[in-house]
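A structural walkthrough
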Amino acid sequence: MGRESRGAAGHGAYPRVRPCGDTALTIEFGETIDPDLNAKVLALDAELTAHPVAGVLETVPTYRSLLVHIDPVIADPEALAADLLAMAANLPPTGEAVRRWRIPVVYGGAFGVDLADVAARHGLSPSALIDAHCAPVYRVYMIGFLPGFTYLGGLDPRLATPRRSDPRPLIPASSVIIGGAQAAISSIAGPSGWHLLGRTPVRPYHPGRDPAFLIASGDEIVFEPIAEDHWRVLDKAAAAGEPVAEMVAS
């Protein structure tokens, strides 16, 4: 197929489809972190799940686009691009209730080694930073980077903090972190340049649990501070496969 297929006339019109090598297409709905754009991404993903298209192997929703992996022997990229644009123009309302999770967090100390520095950077006390971090209802925009890594939108703009100039080669699993204007919950231990505010006993990804992935794109998150002495009990329960997170809306 050509460089891209557009859903409307004019340079930069959206939605548009771009090729990703020979085995994938991406359909873009815009260029910003925006809940309405993300809702369109998730609606198209749901449509492709409900009505499978021959040659489509897998879909990966992101903040503003949907990556569509294809079998090039079966799928015609040009025809599929046209189908994706047609589907994107006629997305039905989801009508589904949003799941909201209450996530317990131990903030600061050994659980959030950057909390005091981030608070000082913004002229806040650690307790004021915790209050500001817990106040929003966060939207889960995407899952990626590592299995279950949960990217969140909704961070208080006052807390936006550039990522670390010296990324850490390893941070603990289930760290509650911020980087730039984004918030996140890490999943498994891995490298990160984000700032560690705290840690939750919740396992976003647990290969021995059904479902292995607890949180999904489109869900909502609220954080609740807990005392350090609650950690051991909740962490043990989470390790055994219990969600620990409380669903407060469905």
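Okay, so let's go over this structure. All values derive from a computational prediction rather than experimental measurement.

Some thoughts on the overall build of the protein chain
Of the regular secondary structure elements, the protein chain holds 5 helices and 15 strands. Across its three principal axes, the protein chain shows a C-alpha extent of roughly 60 × 40 × 35 Å. Going through the 250 residues of the protein chain one by one, you find that 45% of them count as buried. Considering only contacts in the protein chain between residues 6 or more positions apart, those separated by 24 or more positions represent 62%. Accessible area for the protein chain stands at about 12100 Å²; split by element, carbon and sulfur atoms hold 55% of it. For the protein chain, the centre of its 20 positive side-chain charges and the centre of its 28 negative side-chain charges are spaced 6 Å apart.

Topic: the packing of aromatic side chains
Following the criterion strictly, the structure yields 9 aromatic pairs and no others. When the centroid spacing of 6.1 Å and the interplanar angle of 70° are considered together, the rings of Y63 and Y151 count as edge-to-face. In this pair, Y63 sits in the loop between strand 4 (56–61) and strand 5 (65–70) while Y151 sits in strand 8 (residues 150–153), placing the two residues 88 residues apart along the sequence. Residue classification places Y63 among the buried residues on the basis of a relative accessible area of 13%. Taken together through their ring pairs, the aromatic side chains of Y63, Y141, F145, F149, Y151 and W194 make up a single cluster.

Comments concerning the packing of helix 1 (residues 35–50) against helix 2 (residues 77–89)
Running from N to C, helix 1 and helix 2 point in directions that differ by 115°, and their axes come no closer than 10 Å. Helix-helix and strand crossings are classified by hand; for helix 1 and helix 2 the assignment is right-handed. Along its contact with helix 1, which presents L44, E47 and L48, the element helix 2 presents L84, M87 and A88. A breakdown of the residues in the contact of helix 1 with helix 2 according to their chemical character gives 5 nonpolar, no polar and 1 charged.

Topic: the environment of L91
As for its position among the elements, L91 is in the loop between helix 2 and strand 6 (100–107). A sequence separation of 39 residues divides L91 from I130, and the C-alpha atoms of the two residues are 39 Å apart. Beyond its immediate sequence surroundings of up to four residues, L91 is in contact with K40, A43, L44 and E47.

Rules and cut-offs
Residues numbered from 1 in each chain as written. Predicted model: local features only at pLDDT ≥ 70, side-chain atom pairs only at ≥ 80, totals over all residues. Heavy atoms only, no water. Helix = DSSP H or I, 4+ residues; strand = E, 2+ residues; numbered from the N terminus. Buried < 20%, exposed > 50% of the residue type's maximum accessible area, 1.4 Å probe, protein only. Contact = heavy atoms within 4.5 Å. Areas by Shrake-Rupley, 256 points an atom, 1.4 Å probe, with all protein chains shown as cover. Lys, Arg positive; Asp, Glu negative; His and termini not counted. Charge placed at Lys NZ, Arg CZ, Asp CG, Glu CD. Phe/Tyr/Trp six-rings, centres within 6.5 Å; stacked < 30°, edge-to-face > 60°. Axes fitted to C-alpha atoms, helices over the stretch in contact; angles between N-to-C directions. Left-handed = near helix turned anticlockwise from the far one by under 90°. Nonpolar A, V, L, I, M, F, W, Y, C, P; charged D, E, K, R; others polar.

Shape is all these values report; function is a separate question.
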